[in-house]
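# Working through the structure, step by step
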Amino acid sequence: MAPVTLSPAAETRNHFQYWEDVSGRTSLDEIRSLPEDAWRVQADGRATFGITESAYWLRVPVVNQTWESLSLVAELAYSQLDDVTFYVIESGELVRTFQTGDRRPFYPRDVDHPNNLLRFQLAPQEAKTLYIRVATEGTMVLPLRIWRENQFYESVSAEQKLQFFYFGSLTIIILSNLAVFLTLREKLYLYYCLAILGYLAFFASIRGFSFQHLYPAFPGVHAHVLMLSIPFLAMFSILFCMEFLRVRSHSPRLRVALIAMLIFEILYFLAVPFLAYKTGILLAAISAFVFFSLLLVAGPVSWAAGVRAGIFFTVAWSPLTVGVMATAGRALGIFPENFFTDYGMQIGSGLEAFILTLALADRLYREREQKIQAQADSLRQEKARRDAQDRLTHAMSHDPATGLPNRNRFEWMVDEQLKRDPGGAYMVGVARVTGLEEINRTLGLERSERLLRRLADQMTTLAAQLPMVHATRDSLGGTERVYQISGDSFGLLVDARKAGNDFETLDGALKQLAQPIALDHLAIDPHLKYGAASYPEHGKKASVLIRNAHVAMEMTPRGSFETGFYSGKYDIYDESRLTLISHLREALQNRQTELHYQPKTRLSNGEIVGVEALIRWFHPERGWVAPDDFIPLAEKTGVIKHLTRWVIEKALSDLKVLKAVQPSLTMSINISARDLLSPDLIELFAETLRACGLQAGDVTVELTETAAMDDPEKGLQALEALAGSGLKVSIDDFGAGYSSLSYLKRLPASEIKLDRSLIVDVCTSEHSRTIAETAIRMGRSLGFLVVAEGVEDEASAKLLASMGADMLQGFWLCRPAPLESIKDWLLTSNAAV
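Residues numbered from 1 in each chain as written. Predicted model: local features only at pLDDT ≥ 70, side-chain atom pairs only at ≥ 80, totals over all residues. Heavy atoms only, no water.

So, about the overall build of the protein chain. Scanning the protein chain for helices and strands turns up 28 helices and 29 strands. By the compact-globule yardstick of 28 Å for 833 residues, the protein chain is too spread out, its C-alpha radius of gyration being 59 Å. For the protein chain, the spread of C-alpha atoms along the principal axes amounts to about 175 × 75 × 45 Å. Here the protein chain holds 833 residues, and the buried ones make up 50% of them. Taking the contacts inside the protein chain whose residues are at least 6 apart along the sequence as the reference set, 71% of them involve residues at least 24 apart. For the protein chain, the computed accessible surface area is about 40,300 Å², with 56% contributed by carbon and sulfur atoms. Side-chain charges in the protein chain split into 83 positive and 96 negative, and the spacing between the mean points of these groups amounts to 2 Å. (Helix = DSSP H or I, 4+ residues; strand = E, 2+ residues; numbered from the N terminus. Rg over C-alpha atoms; globule rule 2.2 N^0.38 Å. Buried < 20%, exposed > 50% of the residue type's maximum accessible area, 1.4 Å probe, protein only. Contact = heavy atoms within 4.5 Å. Areas by Shrake-Rupley, 256 points an atom, 1.4 Å probe, with all protein chains shown as cover. Lys, Arg positive; Asp, Glu negative; His and termini not counted. Charge placed at Lys NZ, Arg CZ, Asp CG, Glu CD.)

This is the structure in structure tokens:
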């Protein structure tokens with residue numbers, strides 16, 4: 001083989017001879033004694049043998065054909081060779097041995113550079129032979145070149161500038177995307193940062209820069225960092241790919257493949273500390289083919305699915321994949337050592353990082369535009385929502401017929417004004433259209449609403465002319481003075497301090513408002529009534545002031561004024577009456593009511609023929625409550641049903657006790673009109689009579705003639721049903737109602753009870769005596785027994801007996817008393833009256 005010659009006119013030719021040392025134990029002397037035909041020639045100075053266990057010997061004769069001394073550098077331009085030994089032979093003698101490589105500490109070296117380098121000199125016309133032994137567990141790549149020293153440093157300087165640009169660009173990309181991640185907190189940018197960091201770590205390791213600058217004394221660390229960087233960049237590249245391409249949304253199969261690859265890379269990453277370097281590098285090379293091929297497919301698949309990012313990813317990943325395939329192919333010995341296989345992956349990664357950075361910038365720009373658009377849409381929606389809310393609030397707080405603010409709005413306004421000016425003097429004024437119901441029936445609802453709108457407009461116009469009427473602004477910027485607090489009532493707030501003592505102007509407006517309103521050629525009188533309540537005298541809350549102003553409408557206006565002013569002295573509505581009925585329910589449940597009984601005697605022989613059950617209620621706070629106070633309320637609320645049941649069951653139970661004293665005694669029980677029409681009344685009597693062992697003839701059902709006339713036909717049917725069951729029927733308070741004689745004649749009653757008003761002054765008034773006598777004769781002529789109730793003296797009793805009354809009942813005979821008292825009274829009073 002021709003030596004490497006160095007002459008002034010020619011460039012250095014790089015070629016060498018090599019011999020494979022399969023055993024790896026051949027010595028230099030044995031190598032020097034090899035025959036010439038044992039050596040093979042590598043003409044281009046670059047050889048790739050893949051992953052092999054053999055050691056390789058290189059032989060390079062070098063001749064200086066110039067007339068000057070030369071400083072030369074022998075370079076094996078692959079930093080990942082584990083063990084490299086340079087032998088320099090001059091004139092057949094070994095003049096120098098230098099050992100280097102990745103399995104040795106980085107220093108000392110002839111040149112502070114990651115590649116395996118040897119410096120040597122040649123005198124003019126001098127020749128030397130270099131023997132180089134190379135052994136490695138990784139890829140056997142042998143790019144050998146003999147440099148003139150100045151040319152070497154020029155080349156290294158140019159390359160380091162490019163490397164600095166490459167690593168600087170990656171660092172800038174990492175930092176910028178890290179800043180985006182810290183700002184937006186989107187994991188996509190973090191994945192990209194870590195993936196690029198993996199590339200940076202990989203190329204810094206494979207080029208030997210990290211070994212040179214970070215841990216030069218720890219070659220074992222260098223090997224593991226290189227192996228760890230490969231699965232590290234793969235893991236975060238996969239995560240970035242899945243997030244960037246939104247694989248989950250369009251390609252389940254691709255997602256499964258990527259997850260499977262991710263799991264493999266994680267396991268590989270965890271296994272690196274336990275793997276031999278040769279095994280790790282082999283796995284890395286094989287997995288690189290699969291990993292980069294899979295991600296190369298992911299771009300077009302996403303692109304086809306309509307994901308814009310798929311375009312960028314396909315364009316970015318293609319050159320990187322080609323570079324990776326070239327580098328991995330060189331590592332496996334498939335591709336030769338050349339510039340493309342050496343720098344292809346690094347160039348591809350730089351292009352990939354640049355393109356994907358542009359893609360992320362495009363994504364960020366689009367997201368920003370979308371967010372701006374979304375914010376604009378959100379602002380528009382929020383404005384529309386607020387407008388809709390204002391309209392809804394306005395609709396909910398205003399009357400649909402008149403458009404005036406409603407009671408809720410009025411109460412809120414009054415309360416707010418009183419909070420702002422607690423020391424002020426105000427009046428709440430209320431106007432009510434008392435004839436509205438008649439107007440509805442006469443003219444119909446449509447005309448009625450038009451009338452209310454006309455009236456509301458007139459009120460608003462008049463109120464705007466009165467400075468004492470309080471005004472406020474609504475959410476839509478309108479002015480509020482008049483409020484509609486119910487279907488037929490209007491309200492306003494008057495500042496009494498602005499009015500002073502002169503209410504003539506306000507009263508004049510009210511008189512004007514009360515004038516008939518022209519509607520469809522008709523003059524309609526609204527029949528307005530006005531009421532007012534003052535703050536703070538008549539209340540400190542809007543609800544109380546409005547209530548009192550309503551009550552004031554029924555009070556007589558003072559002097560010439562149209563308005564009735566509230567006075568607690570004349571307030572006939574007591575809220576305690578509204579709570580009375582709930583207390584009555586509790587009293588029935590807790591057995592706080594009781595029955596008193598008043599006897600009834602037959603005038604012909606003085607015999608006590610029966611008793612009337614009269615309910616009594618002792619309220620723990622009010623004391624004794626008169627039946628007239630709670631019976632009407634019970635009838636209106638439905639509590640009367642429970643009250644009547646209790647009275648029937650209690651009265652018949654007590655009758656059974658009283659019959660032990662006087663077997664012929666009967667029991668009179670009062671029922672209301674509501675009870676009369678109840679379908680359960682007869683069954684209730686029947687069940688209670690059976691339970692007490694009594695006969696139906698022992699019970700007299702009393703009801704007023706007014707109750708009997710409440711619904712004449714149904715009342716007559718109900719009374720006939722009662723009489724048909726064997727119960728006796730008595731018409732109570734006869735003479736106090738407006739019954740027709742023809743209707744009374746049809747009633748299946750056995751007796752009538754003269755109302756107390758007919759006999760209270762029967763002894764002193766000729767007129768009363770005539771009426772009482774007429775009533776008794778009329779009752780007897782109709783076939784009824786006549787009972788005089790409310791008899792309080794002996795003279796009245798004798799007079800009523802002389803008029804033909806059959807029985808009497810009253811204080812003269814006995815006051816109503818509890819069961820035990822009546823029982824004792826019967827024992828001592830059976831002899832005579």
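Structure's up, so let's keep going.
Our focus in this paragraph is the nonpolar core. Counting residues in hydrophobic clusters, the biggest one holds 77 residues, and the most contacted among them are Tyr597, Leu652, Ile669 and Leu722. Per element, the largest residue contribution to this core is ten residues, and it comes from helix H19 (residues 639–659). Counting residues in hydrophobic clusters, the runner-up holds 64 residues, among them Phe167, Val180, Phe240 and Phe244. (Core = buried A, V, L, I, M, F, W, Y, C linked by side-chain atoms within 4.5 Å.)

Turning next to the packing of aromatic side chains. Evaluation of the coordinates by the stated rule reveals 29 aromatic pairs. The interplanar angle of 80 degrees and the centroid separation of 4.7 Å between the aromatic rings of Phe106 and Tyr107 together place this pair among those described as edge-to-face. A relative accessible area of 40% places Tyr107 in the partly exposed class. Arg185 extends its terminal NZ or CZ atom over the ring of Phe181, reaching a point 6.0 Å from the ring centre. Against the face of Phe811 rests Arg815, its NZ or CZ located 4.1 Å from the ring centre. (Phe/Tyr/Trp six-rings, centres within 6.5 Å; stacked < 30°, edge-to-face > 60°. Lys NZ or Arg CZ within 6 Å of the ring centre and 35° of its normal.)

Our focus in this paragraph is the sheet that holds strand S9 (residues 116–122). One open sheet holds the four strands; their spatial order is S4-S11-S6-S9, and the pairing between them is antiparallel. A single partner strand is all that each edge strand has here, and the edge strands are strand S4 (46–51) and S9. Here the average twist between neighbouring strands, direction ignored, is 20 degrees. Note that strand S6 (residues 70–76) and S9 share seven bridges and pair antiparallel. (Pairing = 2+ DSSP bridges. Axes fitted to C-alpha atoms, helices over the stretch in contact; angles between N-to-C directions.)

Right, let's talk about the environment of Val62 for a bit. Here Val62 lies in strand S5 (residues 55–64). A relative accessible area of 1% places Val62 in the buried class. In the structure, Val62 is positioned 67 residues away from Thr129 in sequence and 5.9 Å away in space, judged by C-alpha atoms.

What follows deals with the pairing of strand S22 (residues 608–619). Here S22 lies mainly inside the structure; ten of its twelve residues are buried. Alignment of strand S21 (residues 593–602) against S22, held across nine bridges, turns out to be antiparallel. Residue pairing across strands places His596 opposite Leu614, the latter belonging to S22. Count of turn residues in the S21/S22 antiparallel hairpin: five residues, of which Gly606 carries a positive phi of about 75 degrees. Sheet analysis places S22 next to strand S24 (residues 666–670), joined by three bridges and oriented parallel. Counted as the bridge partner of Val611 is Met667 from S24. Where S22 meets strand S23 (residues 623–625), three bridges bridge the pair, whose relative direction is antiparallel. Note on S23: the bridge partner recorded for Phe618 is Trp624.

For the rest of this paragraph, the subject is the side chain of Gln42. Residue position: Gln42 is located in strand S3 (residues 40–42). Residues within four places of Gln42 in sequence aside, it is in contact with His15, Phe16, Tyr18 and Ala47.

On to the environment of His619, then. Along the polypeptide, His619 turns up in strand S22. If near-sequence neighbours (up to four positions away) are discounted, His619 is found in contact with His583 and Val625. Among the polar contacts listed, one links the side chain of His619 to the side chain of His583, at a separation of 2.9 Å. (Polar contact = N/O pair within 3.5 Å; in protein donor to acceptor, adjacent residues only side chain to side chain.)

Another aspect to go through is the pairing of strand S19 (residues 528–535). The element S19 is extensively covered by neighbouring structure, given that seven of its eight residues are classed as buried. As defined by bridge partners, strand S12 (residues 426–433) adjoins S19 across eight bridges and the pair is classed as antiparallel. Directly across from Met427, in S19, lies its bridge partner Ser534. For S19 and strand S20 (residues 563–565), the ladder comprises three bridges, and the chain directions are parallel. What sits directly across from Gly531, in S20, is Gly564.

So, about the sheet that holds strand S16 (residues 489–495). Spatially, S15-S16-S12-S19-S20 is the arrangement adopted by the five strands of the open sheet, whose pairing is mixed. For this open sheet the edge positions go to strand S15 (483–486) and S20, each flanked by a neighbour on one side alone. Between one strand axis and the next, the sheet turns through 30 degrees on average, direction left out of account. Pairing geometry for S15 and S16, over three bridges, is antiparallel. Its bridge partner being in S16, Gln484 is matched across the sheet by Phe490.

We now examine the side chain of Ser287. Looking at the secondary structure, you find Ser287 in helix H8 (residues 277–304). Judged by relative accessible area, Ser287 falls into the buried class, the value being 3%.

In a regular helix each residue adds 1.5 Å, so 36 residues correspond to 52 Å; helix H2 (residues 149–184) covers 52 Å between its end C-alpha atoms and thus fits that length. Among the residues of H2, those classed as buried are Glu149, Phe152, Val156, Gln163, Tyr166, Phe167, Leu170, Ile173, Ile174, Asn177, Val180 and Phe181. Contacts made by the buried residues of H2 are with S6, S9, strand S11 (139–148), helix H3 (187–206), helix H4 (209–213) and helix H10 (339–396). Directly after H2, the chain includes Arg185, whose backbone phi takes a positive value near 60 degrees. (Expected span 1.5 Å × (residues − 1).)

The phi torsion of most residues other than glycine is negative, and most of the peptide bonds are trans. With omega at 5 degrees, the peptide bond leading from Tyr107 into Pro108 counts as cis. Assignment of secondary structure puts Pro108 in the loop between strand S8 (93–100) and S9. Here the residue pair Tyr535 and Pro536 is connected by a cis peptide bond, since its omega of 5 degrees sits within 30 degrees of zero. Relative to the helices and strands, Pro536 resides in the loop between S19 and helix H16 (542–552). Despite not being glycine, Arg185 shows a phi value in the positive range, around 60 degrees.

As a further point, take helix H26 (residues 766–781). Across its 16 residues, H26 extends 22 Å between first and last C-alpha, which sits within 8% of the 22 Å expected from 1.5 Å per residue. Taken as a whole, H26 has its buried residues at Ser768, Ala772, Ala775, Ile776 and Gly779. Each buried residue of H26 lies within a common arc of 100 degrees when the element is viewed along its axis, so the set occupies one face. Projecting away from the buried face of H26 at angles above 90 degrees are the exposed residues His767, Arg777 and Ser781. Buried residues in H26 make contact with strand S26 (728–734), strand S27 (751–754), helix H25 (756–759), strand S28 (785–789) and helix H27 (794–803). (Arc of directions from axis to C-beta.)

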